[in-house]
Amino acid sequence: MRADAAAGFSDSHGVSLKKELGVRDLTFMGIAAVIGAGIFSTIGTAAHSGGPGIVYLFFITAITCGFSALCYAEFASRVPAAGSAYTYAYVSFGELIAWIIGWALILEYAIGNIVVAISWSGYFYNLLEGFHIHLPAWLATNPTTAKEGYTAAQQALAAGTPLESLGKQVRLGYEAVLNAPQIGGWKCIINLPAFIIVALITCLAYIGIQESKKSTNAMVIFKIGVIIFVIIVGFFYVDTRNWDPFLPNGITGVLSGVSSVFFAYIGFDAISTTAEECKNPQRDLPRGMVYSLLICTVLYVLIALVLTGMVSYKQLKVDDPLAFVFDQLKLYKISYLVSISAVVATTSVLMVFQLGQPRIWMSMSRDGLLPKKFATVHPRFQTPSFATIITGLLVGIPALFVSSGTMTDLTSIGTLFAFVLVCFGVLALPRLAPTGTRSMFKLPYINGKWIVPALVLLILFLLRERIQLAVVNLGSENYPEVLFLIFIGLAIVAAILSFQKNYSLIPILGGLCCLYLMTEIPAISWCWFFAWMAIGLTIYFLYGRSRSKLA
C-alpha cells in the first residue's frame, strides 16, 4: 500500500489522484469537519446538563481524541494511502477486521452527513424566513417530524393555546401536514433543501480536490472569524454569577453530555482519507490532525464559557444556543450573523465528509472487497467519480425523508469503533529503527508496563460501588451496566497485556477512553449498529471474501 501511494496509485486507466493538499489545507479541512453541528447545536444540550463545568468534558473528550489523533498520525505516516482507519486496520489486523471497520466508517460518514444535511436545511429555512422568502413547509421537513409537530399543535390548539406561541418546529410540522399535496392518499412531505445541498456538494466533490479545497478553506476562514467575533462580543455580556455553581449537577451531570460533546469532535479523522492527495502525507497529515484538534478545542472551551456566562445554563436546551443567547439579550443582528455562520459551518462539514467516504469505497474496491467500479478515477477531474456519485445518492435520498432521531448516536458508535481499532492497531505495528529523517511522524513511546495496571487499579477502586451495582443488576436487562462491565473486563485485559508485553501507553489510553465513551451510548443505537454490522458481514462473506486480493 505504501509503495502504491508513493507511486500515485492509479486505476485501470492509468489515472491517479491529484496531489494538491498541504498542511494548511489539511488543518482547514479538519476544522471544517469538526466545527459544525456540534458547536452550533449539541453544545447547548450538554451545557444544560453539566452547567459551566461542561468545559471539563471538552478537555476530557479532546484528550481522548488527541490520543486517537496521535495513533492516526502514526498510521498516516507509515501508510500514506487513502482509506483512513479501513486501510490502517487492513495493515494491522487483516482483511476481515478491515472490512468491519470500513463498513463502520461508511455508517459514520453517511449517517453523519444525513444528520448534518437535515441540520443545514433547518438553518437555511430560518435564513429564508429572515429574507421574507417563505418556502412551503411540506418542502422543508420530513414525514416523521411533521407528524410529531402536527400532533403537538393539535393538542395545544385543543387546550386553547394560540398557534403563534408554539415552537418553530411544531408550527412547521403543523403547516406541512395541513398544506401538503396528496399523492394516492399519501401526504407528500420532503426535505428538499437537504437533498439539494447534498447534490451541490457531491457535484463539487466530483469536479476535483482543488475546487473542494478552495471552497473549504474559504468557509473555514469565515466561520472561524464569526466564532471569534461571537466570543469577543459575548465576553462583554458575561455575568460571572451565571458561573456559580460551576458544577450544578456534579460530575455526573457533566458526563451525561458525553454523546453531545463527542459528536462535536467527530470529523478530524476524515482528513486521513485524503492521504494520496497530500503533497507530503508523512509530514503534513499528522500536523493537520493535531493542529485542527487543538484549535477546535480552544474555540469550544471559550464558546462554552461565553454561553454559560451570558445566560443561565438552565435556558440552553435549545437547537440553536449561539443564536438564542444573543436573542435573549436583544442583539438580533448578531443572532442573524450566527445563523448565517451555522449554514456555512454545516456546509463545510458536508464537504469534508463527502470527500472522505468515496475514498473509503475506493480503497475497499482496490482490495477486491467491492466491485472494481468503485475504484474508478475520473480521467479529467482525477477524483473517485463513481464512488462520489454513490455517496451522494446514499446521503441525499434518505435526507429527503428521515428524521435525525438516533442518528447522532449511531454516528458516534461508528466513529468510536474506528478509534478503538486504530489505537489498538498501532500496537500491532513493528517498531521502526531510527532513520535520521525528521519528515516521518513517530508516536512517542512511553512504557505502559506499570502505568496501565496502576491506572486500571485506580479505576476499579474509584468505581467499585458502580461495579457492585452492575453485577447485582446484571440479569435485569440493564444494558448500560452490561456495557460498563464489558469495558471493565477489557480494561483488565489491557492491563495484563501491558504488563506482559510492555505496550506503549498512549494507544492503550486512547483505546480505553474510547471504549468508555461507547458505554454511554443508548442501547437502542447499539441494536441498530449490530444490525448494520450483520448486513456488512453478509455482503463480505457472499461477495468480498471470494473476490478479494487476499483470497
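A brief look at the structure comes next.

Enumeration over the complete set of coordinates arrives at 16 aromatic pairs. Judged by centre distance (5.1 Å) and plane angle (20 degrees), the rings of Trp361 and Phe374 are stacked. A residue pair is termed long-range when its members are at least 10 positions apart, and Trp361 in helix α15 (residues 332–366) and Phe374 in the loop between α15 and α16 (385–401) qualify at 13 residues. For the residue pair Trp361 and Phe374, the accessibility class agrees, reading buried in each case. The structure contains a cluster of three or more aromatic residues connected by ring pairs, namely Trp99, Trp103, Trp532, Tyr540 and Phe541. Over the ring of Trp450 we find Lys449; its NZ or CZ atom is 5.9 Å from the centre of that ring. Positioned over the ring face of Phe484 is Arg466, at 3.9 Å from the centre of the ring.

Here we take up the packing of helix α14 (residues 321–328) against α15. Between α14 and α15, the shortest axis-to-axis distance is 8 Å and the interhelical angle comes to 170 degrees. Here α15 runs roughly antiparallel to α14, going by the angle between their axes. Taken together, the residues of α15 that come into contact with α14 (itself represented by Leu322, Ala323, Phe326 and Asp327) are Tyr332, Ile334, Ser335, Val338 and Ser339. Split by residue class, the contact of α14 with α15 holds 6 nonpolar, 2 polar and 1 charged.

Turning our attention to helix α7 (residues 143–158). The terminal C-alpha atoms of α7, which comprises 16 residues, lie 22 Å apart, in line with the 22 Å expected from a rise of 1.5 Å per residue. The N-cap residue of α7 is Asn142: its side-chain oxygen and the backbone nitrogen of Thr144 are 3.2 Å apart. Following α7 by one or two positions, Gly160 adopts a phi angle in the positive range, close to 90 degrees.

Turning to the nonpolar core, a few remarks are in order. Phe58, Tyr86, Ile303 and Phe326 are the most contacted members of the largest nonpolar core, which totals 148 residues. For this core, the element with the most residues is helix α6 (residues 95–130), which contributes 19 residues. Among residues more than four places away in sequence, those in contact with Tyr86 are Ala98, Trp99, Ile101, Gly102, Leu105, Ile360, Ser363, Met364, Asp367 and Leu369. By size, the runner-up hydrophobic cluster in this structure holds 9 residues, among which are Tyr125, Ala140, Ala146 and Leu172.

Here the structure, examined in full by the defined rule, presents 1 salt bridge. Arg241 is the salt-bridge partner of Asp239, the closest N and O atoms lying 2.9 Å from each other. You can call Asp239 partly exposed: its relative accessible area is 25%.

To continue, consider the packing of α6 against helix α22 (residues 523–547). Close contact between α6 and α22 brings their axes to 10 Å; oriented N to C, the two are set at 130 degrees. By the angle between their directions, the pair α6 and α22 is classed as oblique. When the axes of α6 and α22 are compared, the crossing they make is right-handed. Contacts between α6 and α22 involve Glu95, Leu96, Trp99, Ile100, Trp103, Ala104, Ile106 and Leu107 from the former and Phe529, Trp532, Met533, Ile535, Gly536, Leu537, Ile539, Tyr540, Phe541 and Arg545 from the latter.

Cut-offs applied
Residues numbered from 1 in each chain as written. Predicted model: local features only at pLDDT ≥ 70, side-chain atom pairs only at ≥ 80, totals over all residues. Heavy atoms only, no water. Phe/Tyr/Trp six-rings, centres within 6.5 Å; stacked < 30°, edge-to-face > 60°. Helix = DSSP H or I, 4+ residues; strand = E, 2+ residues; numbered from the N terminus. Buried < 20%, exposed > 50% of the residue type's maximum accessible area, 1.4 Å probe, protein only. Lys NZ or Arg CZ within 6 Å of the ring centre and 35° of its normal. Axes fitted to C-alpha atoms, helices over the stretch in contact; angles between N-to-C directions. Parallel < 35°, antiparallel > 145°, perpendicular 65-115°, else oblique. Contact = heavy atoms within 4.5 Å. Nonpolar A, V, L, I, M, F, W, Y, C, P; charged D, E, K, R; others polar. Expected span 1.5 Å × (residues − 1). Polar contact = N/O pair within 3.5 Å; in protein donor to acceptor, adjacent residues only side chain to side chain. Core = buried A, V, L, I, M, F, W, Y, C linked by side-chain atoms within 4.5 Å. Salt bridge = Lys/Arg side-chain N within 4 Å of Asp/Glu carboxyl O. Left-handed = near helix turned anticlockwise from the far one by under 90°.

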